[in-house]
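In case you want the letters, here they are:
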Amino acid sequence: MKHALNLSLIVAVSLLSVHEMDAMTHAEWRLLPVLSGMNEDAARDMFVFLHVPLYIGLFWALFVASWKQLAGRIFSFAVIAHATAHFLLSGHDLYTFAAPIETITVYGAALAGLIYLGLSFKGVSE
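Undergrad: Please set out the environment of S125 residue by residue, giving values where relevant.
TA: For S125, the location among the structural elements is in the segment after α4 (101–122). Here S125 falls in the partly exposed class, since its relative accessible area comes to 42%. Sequence-wise, S125 and F63 are 62 residues apart; in three dimensions their C-alpha atoms are separated by 14 Å. Beyond its immediate chain neighbours, meaning those up to four positions away, S125 contacts K2, L5 and Q69.

Pasting the structure below:
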């Protein structure tokens with residue numbers, strides 16, 4: 001079960017990472033507060049640049065910190081919230097994500113996060 005716990009987290013991180021690449025092709029920054037009000041080029045650059053500290057913090061928390069399982073739970077809740085936001089924004093005029101890539105990356109990450117939460121709250125540890 002320990003391997004399933006770790007694998008679910010690796011799948012969630014991988015799918016979210018691939019989604020963020022896809023987000024570049026859909027100008028996701030146009031849907032985000034603050035960035036949507038900026039000049040297009042500046043918003044795109046800021047969107048990309050903000051992912052550097054985000055991923056540094058994420059990888060540190062998940063793979064180095066002494067509180068890895070708590071970080072995994074927080075991340076799992078975050079990818080579920082992220083999928084919910086995508087669902088709620090799916091009718092927006094600027095929303096251009098589509099299946100199958102969105103379904104696999106966004107909702108797949110949420111499903112993997114849900115599996116991680118189920119296993120970790122069941123008592124499986126790393």
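Undergrad: Could you give an account of the environment of D41, with specific residues and numbers?
TA: Within the secondary structure, D41 sits in helix α2 (residues 40–63). By relative accessible area, which is 45% here, D41 ends up partly exposed. It is 33 Å that separates the C-alpha atoms of D41 and A71, two residues lying 30 residues apart in sequence. In terms of polar contacts, D41 uses its side chain to reach the side chain of R44, at 3.2 Å.

Undergrad: Which residues make up the pattern of salt bridges, and what values go with them?
TA: In this structure the tally under the stated criterion is 3 salt bridges. Residue R44 pairs with D41 through a salt bridge whose shortest N-O separation is 3.2 Å. In this pair, R44 and D41 both sit in helix α2, 3 residues apart, roughly one turn of the helix. The exposure class assigned to R44 is partly exposed, which follows from its relative accessible area of 30%.

Undergrad: Which residues make up the side chain of H51, and what are the values?
TA: Position of H51 relative to the elements: it lies in helix α2. A distance of 2.8 Å separates polar atoms of two side chains, one belonging to H51 and the other to E20.

Undergrad: Now, about the side chain of E20: what can you tell me, with residues and values included?
TA: By the element assignment, E20 lies in helix α1 (residues 2–25). The side chain of E20 is buried and forms no salt bridge, while R44, the nearest opposite charge, is found at 13 Å. Setting aside residues up to four positions removed in sequence, E20 forms contacts with E28, F47, H51, Y55 and H82.

Undergrad: Got a sec to walk through unusual backbone geometry? Specific residues and values, please.
TA: For the peptide bond that leads from A99 to P100, omega is 5°, which places it in the cis range. With respect to the helices and strands, the residue P100 is situated in the loop between α3 (68–89) and α4. Phi at A27 takes a positive value of approximately 50°, unusual for a residue other than glycine. Since its relative accessible area comes to 7%, A27 is described here as buried. Phi angles above zero are rare outside glycine, and V34 is one such case at about 75°.

Undergrad: Which residues make up the packing of α3 against α4, and what values go with them?
TA: At their nearest, the axes of α3 and α4 sit 8 Å apart, and the two run at 145° to each other. Helix-helix and strand crossings are classified by hand; for α3 and α4 the assignment is left-handed. From α3, K68, Q69, G72, R73, S76, F77, V79, I80, H82, A83, H86 and F87 reach across to α4, where they touch E102, V106, Y107, A109, A110, G113, L114, Y116, L117, S120 and F121. Taken together, the residues that form the contact of α3 with α4 break down as 13 nonpolar, 7 polar and 3 charged.

Calculation rules
- Residues numbered from 1 in each chain as written.
- Predicted model: local features only at pLDDT ≥ 70, side-chain atom pairs only at ≥ 80, totals over all residues.
- Heavy atoms only, no water.
- Helix = DSSP H or I, 4+ residues; strand = E, 2+ residues; numbered from the N terminus.
- Buried < 20%, exposed > 50% of the residue type's maximum accessible area, 1.4 Å probe, protein only.
- Contact = heavy atoms within 4.5 Å.
- Polar contact = N/O pair within 3.5 Å; in protein donor to acceptor, adjacent residues only side chain to side chain.
- Salt bridge = Lys/Arg side-chain N within 4 Å of Asp/Glu carboxyl O.
- Lys, Arg positive; Asp, Glu negative; His and termini not counted.
- Axes fitted to C-alpha atoms, helices over the stretch in contact; angles between N-to-C directions.
- Left-handed = near helix turned anticlockwise from the far one by under 90°.
- Nonpolar A, V, L, I, M, F, W, Y, C, P; charged D, E, K, R; others polar.

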